[in-house]
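# Tertiary structure, described
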Amino acid sequence: MLHKFRGTLVGALVGDCLGSNYEGVVGTILWGEVTDYTLNRIKDEKEPIPYTDDTAMTRAICKSLTEEKKYDNRSMAKAFVQEFYKEPDRGYGAAVGTVFQRLRDTNPEDVTLPARSQFDGQGSYGNGAAMRISPVALYSLSSSEVQKNAKENALITHAHINGVNGAILQAEAVFRSLPLEPPNLNTDKFIDDLLEVAKKLEQEYEESTCSEEKENSGHVSTSSPPKKPFSYFKKIKEMKELLNKGETLKPETVVETFGNGIRAEEAVPAAIFSFLHKGRVSFQESINYAISLGGDTDTIASMAGAISGAYWGMNEIPELWKSKCEGVEEAVEFANKIFELKKERKDDN
Ligand code: R7I
Ligand code: MG
Ligand code: MG
Ligand code: MG
């Protein structure tokens, strides 16, 4: 299992580093171009290929978990703020810096407060909560704990339901890959499990907004209008149909179906799809394929890398990538520590 913990964090890291070469490219990228970069051109890099905000925030989660030896949202918020002000130029999303500034300047009792005031009270639907969430999946003991911790963590920066649910689903995807034994991936089972999670999240949300509306009836509501949630359930169902066609799908078709942008509702399904379609073949294919989708390449490749790394483990990540990307050693150290922490928690239970 330790090699799978390492695979998760190093997988997320190399996806971020390699994908960042193309972040923001409009449209899909030719397979030959991607593989020429990731398998040949990087051999000539003299300096380590730098990681971006995706990894910076993942590291902050690792730091908080291993220092506190438990999940604590105040400590998480503090770790994000510290990491951001230490290196603000790692390529963070345009709006999230304001959250860190408010957290630092006002030190609110409730650390989710600054994120809730963004975008007219709707909160950010960016993929920034999902992109960093893999350590939470490693740390948590059960699916319900994964969901609880991922949600709390997401709410520090992303109040929008689509940002939160994207983080929960990405964490679940990593959590459910950990116990699987490659190379015989039961794609349908994997998808059905995620469908169940998505369905429950969407039902819960509907129930909570219904009861809010009842409470508010007769009063002039001061809260923002209800946020229409994106249906991850429907999208994952489409994914199942697409995968069962049993043919190699053109990246253009995939991008038309899922998108490749900074919205969590695009990037998370695109990453899960990259794992199920190509990550089942090898770790390497998963990353190259995720990058070939274009758009938010560092983030989609990082999330696909976390899921595929949890599935394949550290030894299946190409040596070239492990030797060229910045921060691999630290990712391994964090994986070791979280592995020990989880073992202690299991023994205590
Ligand atoms: O989600 P976030 O942390 O960004 C992550 C992305 C990844 O690609 C990283 O690699 C990095 O490059 O950035 O940061 P946010 O600023 O919360 O969200 C990203 C962007 O999504 C925002 O800056 C907005 O442009 C957009 N966005 C919204 N636009 C309109 N209305 C997010 N939420 C909204 C919204 O509600
Ligand atoms: Mg980034
Ligand atoms: Mg960006
Ligand atoms: Mg990105």
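Residues numbered from 1 in each chain as written. Chains lettered and ligands numbered in written order. Predicted model: local features only at pLDDT ≥ 70, side-chain atom pairs only at ≥ 80, totals over all residues. Heavy atoms only, no water.

### Focus on the overall build of the chain
Scanning the chain from terminus to terminus reveals 18 helices and zero strands. On C-alpha atoms alone, the chain measures out to a radius of gyration of 19 Å, which is about the 20 Å that the 2.2 N^0.38 rule sets for 349 residues. Overall, the chain is about 65 × 45 × 45 Å in size when its C-alpha atoms are taken along their principal axes. For the chain, long-range pairs separated by at least 24 residues make up 78% of all intrachain contacts whose partners lie at least 6 apart in sequence. Accessible surface for the chain amounts to roughly 15,400 Å². Of this, 49% is attributable to carbon and sulfur atoms. In the chain, which carries 42 positive and 54 negative side-chain charges, the distance between the mean positions of the two groups comes to 2 Å. (Helix = DSSP H or I, 4+ residues; strand = E, 2+ residues; numbered from the N terminus. Rg over C-alpha atoms; globule rule 2.2 N^0.38 Å. Contact = heavy atoms within 4.5 Å. Areas by Shrake-Rupley, 256 points an atom, 1.4 Å probe, with all protein chains shown as cover. Lys, Arg positive; Asp, Glu negative; His and termini not counted. Charge placed at Lys NZ, Arg CZ, Asp CG, Glu CD.)

### Here's the deal with the environment of isoleucine 168
Relative to the assigned elements, isoleucine 168 resides in helix α10 (residues 161–177). In sequence terms isoleucine 168 and lysine 324 are 156 residues apart; their C-alpha atoms lie 30 Å from each other. If near-sequence neighbours (up to four positions away) are discounted, isoleucine 168 is found in contact with Gln147, Ala150, Lys151, Val197 and Leu201.

### What to know about the packing of helix α1 (residues 2–19) against helix α15 (residues 283–292)
Their axes nearest at 10 Å, the elements α1 and α15 cross at an angle of 40°. By the angle between their directions, the pair α1 and α15 is classed as oblique. Relative to α15, α1 is oriented so that their crossing is right-handed. Contact residues: Gly11, Val14, Gly15, Leu18 and Gly19 in α1; Phe283, Ile287 and Ile291 in α15. For the contact of α1 with α15, a count of residues per class yields five nonpolar, three polar and no charged. (Axes fitted to C-alpha atoms, helices over the stretch in contact; angles between N-to-C directions. Parallel < 35°, antiparallel > 145°, perpendicular 65-115°, else oblique. Left-handed = near helix turned anticlockwise from the far one by under 90°. Nonpolar A, V, L, I, M, F, W, Y, C, P; charged D, E, K, R; others polar.)

### Here's the deal with the coordination of the magnesium ion (ligand 4)
Around the magnesium ion (ligand 4), the protein contributes the donor atoms Glu23 (OE), Asp296 (OD), Asp298 (OD) and Thr299 (OG1), which lie 2.0 to 2.3 Å from the metal centre. Here the magnesium ion (ligand 4) binds six donor atoms, and the angle range of 79 to 177° at the metal identifies the geometry as octahedral. All donors of the magnesium ion (ligand 4) belong to a single chain; written as a sequence motif, their spacing is E-x272-D-x1-D-T. Taken as an interatomic distance, the gap from the magnesium ion (ligand 4) to the magnesium ion (ligand 2) is 3.7 Å; aspartate 298 donates to each of them. A residue pair is termed long-range when its members are at least 10 positions apart, and glutamate 23 in the loop between α1 and α2 (31–39) and threonine 299 in helix α16 (residues 297–312) qualify at 276 residues. (Donors = N, O, S within 2.8 Å, 3.2 Å for Na, K, Ca; no water. Tetrahedral: all angles 85-135°; square planar, octahedral: opposite > 155°, others 65-115°.)

### Quick word on the site of ligand 1
Among the 21 residues in the neighbourhood of ligand 1, the closest are listed as Asp54, Ala95, Ser124, His158 and Asp296. Between asparagine 127 and ligand 1, the recorded distance is 3.4 Å, taken from a backbone N or O atom to an oxygen atom. Across the complex, the protein chains shield 83% of the 700 Å² of accessible surface that ligand 1 would expose by itself. Mapped onto the shell around ligand 1, the elements with two or more residues apiece are α3 (53–68) and α16. Broken down by class, the residue content of the shell around ligand 1 amounts to seven nonpolar, nine polar and five charged. (Near = heavy atom within 4 Å. Polar contact = N/O pair within 3.5 Å; in protein donor to acceptor, adjacent residues only side chain to side chain.)

### Here we look at the coordination of the magnesium ion (ligand 2)
Listed as protein donors to the magnesium ion (ligand 2) are Thr52 (OG1), Asp53 (OD), Asp54 (OD) and Asp298 (OD); their distances from the metal cover 2.1 to 2.3 Å. Donor residues for the magnesium ion (ligand 2) sit on one chain with the sequence pattern T-D-D-x243-D. Between the magnesium ion (ligand 2) and the magnesium ion (ligand 3), a separation of 5.5 Å is found. Accessibility classification places threonine 52 together with aspartate 53 in one group, the buried group. (Buried < 20%, exposed > 50% of the residue type's maximum accessible area, 1.4 Å probe, protein only.)

### Notes on the side chain of asparagine 260
Within the secondary structure, asparagine 260 sits in the loop between α13 (251–258) and α14 (264–279). Judged by its relative accessible area of 14%, asparagine 260 falls in the buried class.

### Here's the deal with the UniProt feature "binding site: Mg(2+)" (unreviewed entry) in the chain
In the numbering used here, UniProt assigns the feature "binding site: Mg(2+)" (unreviewed entry) to Thr52, Asp53, Asp54, Asp296, Asp298 and Thr299. The greatest C-alpha distance among the annotated residues, which extend across 248 residues, is 12.5 Å, indicating that they converge on a single site. With respect to the helices and strands, aspartate 53 occurs in helix α3. Aspartate 53 gets classed as buried once you look at its relative accessible area, which sits at 6%. Beyond its immediate chain neighbours, meaning those up to four positions away, aspartate 53 contacts Arg90, Gly91, Tyr92, Gly93, Met131 and Asp298. Secondary-structure assignment places aspartate 296 in the loop between α15 and α16. (UniProt positions renumbered as here; feature names shortened; annotations may be inferred.)

### Observations concerning the side chain of arginine 90
Relative to the helices and strands, arginine 90 is located in the loop between α4 (73–86) and α5 (96–106). At 2.9 Å, the side chain of arginine 90 and the backbone oxygen of tyrosine 51 are in polar contact. Side chain to side chain, arginine 90 and glutamate 87 meet in a polar contact 2.9 Å long.

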